[in-house]
Amino acid sequence: MTRSRLTVLIGCLLAGVAQAGPFEARQVYTLTWTADLPATSHGYGVVLGQRGAPTTAPKDWVEPNIGSSATGSSAAGPATSPATTNPSNTSPFATTPFAVGPFAIGIDTFDPPTTNPFNADGNLYDRPPQEISLHLAGREIANRRTRHSLGTPATQPTTRPALAAMTLVLQFVTGGANVTVRNGDEFVYKNVFVPGLSAIDFDPTFGGDAKISDIHAAWLGEPLSPAEAPTHLVALDRVLIDNGHRVTRQPTTFPADVGNIGRVVATFSLARTPAGLDKWDRYGSVYVIDDAGQRFELLRFMTPYSREWTWQQDVTDLLPLLQGHKTLELNCETYGPGWLATVAFDFYPDARSSGPLSPGALSPSTHSLGSLSSGPLPPNSQIPGTPLADSASPDAALPDPPPPARPTPRPFRVTNVWDTTVILGQADRPIDRQLPPMPLSIDPSATRVVLRTLVSGHGWAGNAGNAGEFLPLWRKVHVGDRTFFNNLWTTDNDLNPCRPQGGTWKYDRAGWGPGRLVDPWTIDLTAAVRNPTTSPATNGPAATHSAGRPTSMLSYEIQPYANPSPNKDFPAQHRVSAQLIEYR
């Protein structure tokens, strides 16, 4: 690949994965390759180890939690996990030891269907076995399906297998890196923040029986200034949550000054109690309570079936709440032995070096790594290549690619909008009465406005359609004449790194899964609140001005649903919380 082609590629990639977080990427690593899998292949892996450090590439690879013992550790702390996350008794990979490296990607084309809702195999819906997983410090942290070929054999044996052109982009930012993985033209991961992933002199090692070719690696930009250690705050330390202790409140002192904080990562852990673990999946939340007694939902979690686990989530958007003296509340609807819960926060100083990127810093330092025959690279190997940036190429005078995106504004105010349980399908309880339209009073100095919602569906037996846990329903957010649409339905619970579990962990559910944090639905309302027009909730003018602040009407709509015979003890419901976040 010539420098001109690579420069254009990097520029296009950065344009396609513009920085989503609040801080600037100053150093970018890209790795591209093409894969061709034989008919017998079950997948392969890529380990980005430290150059010169011992790195073992596995010969076989299938959905690994990279590590061979039954007790592993997650990126955020200890947890119990099987050696592989697809441990079929008939799979030859059940006891395969996998390599340990700081960061790795698993390409899995072996995930046989199952009809057993309780066993360890997850592919209950017979979905295509085309999965790409991310791993850090020896543990799987994410897994997603891709629509396109991963280099798997074609349906007809006489047809040449499709080749998969893969691209990895790591944008190093405060506290970790944004990870993008592209399969052909499909972004399987786009700006997925991975806490703790730092820039090192990567030595990519491929494992498995794929034929890997057209390998290219490149660095772009200038390094971040030397990272300072984050301020680590343990707010709740192994607090018992069980049948007799469902709610815990504890005063917490966050940093008094957060002006230099670049990112906040929350770590939530559930560990075994002396009496064991709850065998069921339970609903729970972590709240921050301000001086006025107002609760703001920080995290929503669903416990796994009889398992320990550790999760991390970027909560920088809620930074205004994580300052000074506050009260932290933990609640969980457990009726059994429960768990020992820990809630901790890492406050990362902003690691950006002073001043903007200079144009000269954007020239790519590139190595063309060539091609491989079938079979894995030898451990810790690197195919030699000529650094393109040092070659006397006629492309040397090419213009620089565009720099990474500039920092976005910082959050300065968080306002509760809704925090309630909405009963579904009952004519005497219309949705707009339970979630009344709300006026949004926006500070004139705000340059960005975001709505952050946490919604999960609950209730099933006796409710029509097994709602709300097992019934997909769309929801819409209206601001003036603008509408934002989302389907409340989670279809990748079988890929959850917290697997396998003891119960029906693999079923699709309404916006959640056992052993997962509920992902916020975050909507950028900036354009809508800057130019408010009419509101479907009021059918009239939506914009007024109060004390110089533009005001818009916000409403939330749920797909119509009728529940003629609701379960009186557990009716179909959506639990809704929403916060408005203003930035400048």
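Residues numbered from 1 in each chain as written. Predicted model: local features only at pLDDT ≥ 70, side-chain atom pairs only at ≥ 80, totals over all residues. Heavy atoms only, no water.

Caption draft 1: Region of interest: the overall build of the chain. Per the secondary structure count, the chain includes three helices and 33 strands. Each of the 584 residues in the chain was classed as buried or not, and the buried ones make up 55%. Within the chain, contacts between residues separated by at least 24 positions form 77% of all contacts whose residues are at least 6 apart in sequence. About 23,300 Å² of surface is accessible on the chain, with carbon and sulfur atoms providing 54% of the total. (Helix = DSSP H or I, 4+ residues; strand = E, 2+ residues; numbered from the N terminus. Buried < 20%, exposed > 50% of the residue type's maximum accessible area, 1.4 Å probe, protein only. Contact = heavy atoms within 4.5 Å. Areas by Shrake-Rupley, 256 points an atom, 1.4 Å probe, with all protein chains shown as cover.)

Caption draft 2: Representation of unusual backbone geometry within the structure. Residue Gly-468 follows Ala-467 across a cis peptide bond; omega there is -5 degrees. Assignment of secondary structure puts Gly-468 in the loop between β24 (448-458) and β25 (473-479). The omega torsion across Arg-499 and Pro-500 is -5 degrees, close enough to zero to call that bond cis. Along the chain, Pro-500 falls in the loop between β26 (482-488) and β27 (516-517). The phi torsion at Ser-306 lies on the positive side, around 50 degrees, for a residue other than glycine. On the secondary structure map, Ser-306 appears in the loop between β17 (295-302) and β18 (309-314). With relative accessibility at 35%, the residue Ser-306 sits in the partly exposed group.

Caption draft 3: Molecular detail of the nonpolar core. Membership of the largest hydrophobic core comes to 40 residues, with the highest contact counts inside it found for Phe-268, Val-286, Leu-298, Leu-322, Leu-328 and Phe-345. Elements with a contribution of two residues or more to this core: β13 (231-241), β15 (261-271), β16 (283-289), β17, β18, β19 (325-332), β20 (339-349) and β33 (573-583). Look past the residues within four positions of Leu-328 in its chain and what remains in contact with it is Ala-235, Leu-236, Thr-248, Arg-249, Gln-250, Thr-252, Phe-254, Val-286, Tyr-287, Val-288, Val-343 and Phe-345. Listed in part, the 36 residues of the second largest apolar core include Leu-31, Val-181, Ile-215 and Trp-219. (Core = buried A, V, L, I, M, F, W, Y, C linked by side-chain atoms within 4.5 Å.)

Caption draft 4: Structural view of the sheet that holds β13. With antiparallel pairing, the four strands of this open sheet are ordered in space as β13-β20-β15-β18. Two strands close off the open sheet at either side, each with one partner strand: β13 and β18. In this sheet, neighbouring strand axes are inclined to one another by 15 degrees on average, regardless of whether the strands run parallel or antiparallel. Pairing analysis gives 10 bridges linking β15 to β20, with the strands arranged antiparallel. Looking across to β20, one finds that Arg-263 is bridged to Tyr-348. (Pairing = 2+ DSSP bridges. Axes fitted to C-alpha atoms, helices over the stretch in contact; angles between N-to-C directions.)

Caption draft 5: Region of interest: the sheet that holds β33. Judged by pairing direction, the sheet is antiparallel, and its four strands sit side by side in the order β22-β33-β24-β28 without closing on themselves. Edge positions in the sheet fall to β22 (411-423) and β28 (521-524), since each has one partner strand and no second. Neighbouring strand axes in the sheet, compared pairwise and without regard to direction, differ in orientation by 20 degrees on average. Bridge count for β22 against β33 is 11 bridges, and the pairing is antiparallel. Bridge assignment links Arg-413 to a residue of β33, and that residue is Glu-582.

Caption draft 6: Geometry of the pairing of β26. The pairing of β25 with β26 spans seven bridges and is classified as antiparallel. When the bridges of β26 are listed, His-478 appears paired with Thr-483. What sits between β25 and β26 in their antiparallel hairpin is a turn of two residues, with Gly-480 showing a positive phi close to 60 degrees.

Caption draft 7: The arrangement of the packing of aromatic side chains in detail. Tallying each qualifying case throughout the model produces 16 aromatic pairs. An angle of 90 degrees between the planes, with centres 5.9 Å apart, marks the rings of Trp-460 and Phe-470 as edge-to-face. On the criterion of sequence distance, the pair formed by Trp-460 in the loop between β24 and β25 and Phe-470 in the loop between β24 and β25 is long-range, its members being 10 residues apart. By relative accessible area, Trp-460 is classed as partly exposed at 41%. (Phe/Tyr/Trp six-rings, centres within 6.5 Å; stacked < 30°, edge-to-face > 60°.)

Caption draft 8: Local environment of the pattern of salt bridges. As enumerated under the stated definition, the model contains 16 salt bridges in all. The closest approach of N and O atoms between Arg-499 and Glu-140, which form a salt bridge, is 2.8 Å. One end of the pair, Arg-499, is in the loop between β26 and β27; the other, Glu-140, is in strand β7 (residues 139-145), with 359 residues separating them in the sequence. Of the residues examined, Glu-140 reaches a relative accessible area of 3% and is grouped as buried. A salt bridge links Arg-147 to Glu-186; its shortest N-O distance comes to 3.6 Å. Of the two residues, Arg-147 is situated in the loop between β7 and β8 (164-173) and Glu-186 in strand β10 (residues 186-195); the sequence distance between them amounts to 39 residues. (Salt bridge = Lys/Arg side-chain N within 4 Å of Asp/Glu carboxyl O.)

Caption draft 9: Highlighting the side chain of Ser-133. Structurally, Ser-133 can be placed in strand β6 (residues 131-136). Take Ser-133: its relative accessible area is 2%, and that puts it in the buried class. Within the local environment of Ser-133, its side chain forms a polar contact with the side chain of His-135, the two groups lying 2.8 Å apart. Setting aside residues no more than four positions away along its own chain, Ser-133 makes contact with Ala-104, Ile-105, Gly-106, Glu-140, Ala-142, Asn-143 and Tyr-189. (Polar contact = N/O pair within 3.5 Å; in protein donor to acceptor, adjacent residues only side chain to side chain.)

Caption draft 10: Representation of the pairing of β7. The sheet contact formed by β6 and β7 spans six bridges and is antiparallel. Residue Ser-133 lies in a different strand from β7, and its bridge partner there is Asn-143. Linking β6 back to β7 in an antiparallel pair, the connection comprises two residues, with Ala-137 at a positive phi of about 50 degrees.

Caption draft 11: Fine view of the environment of Pro-230. Checked against the element boundaries, Pro-230 lands in the loop between β12 (211-221) and β13. You can call Pro-230 partly exposed: its relative accessible area is 28%. Pro-230 sits 116 residues away from Asp-346 along the chain, and the two C-alpha atoms are 5.6 Å apart. Not counting chain neighbours up to four residues away, the residues in contact with Pro-230 comprise Asp-346, Phe-347, Tyr-348 and Pro-349.

Caption draft 12: The arrangement of the environment of Ala-344 in detail. Mapped onto the elements of the fold, Ala-344 is located in strand β20. For Ala-344, a relative accessible area of 5% gives the class buried. Remark: the alpha-carbon pair of Ala-344 and Gln-312, spanning 32 residues in sequence, is separated by 9.5 Å. Setting aside residues no more than four positions away along its own chain, Ala-344 makes contact with His-232, Leu-233, Val-234, Ala-235, Val-265, Ala-266 and Thr-267.

Structural measurements only, silent on function.
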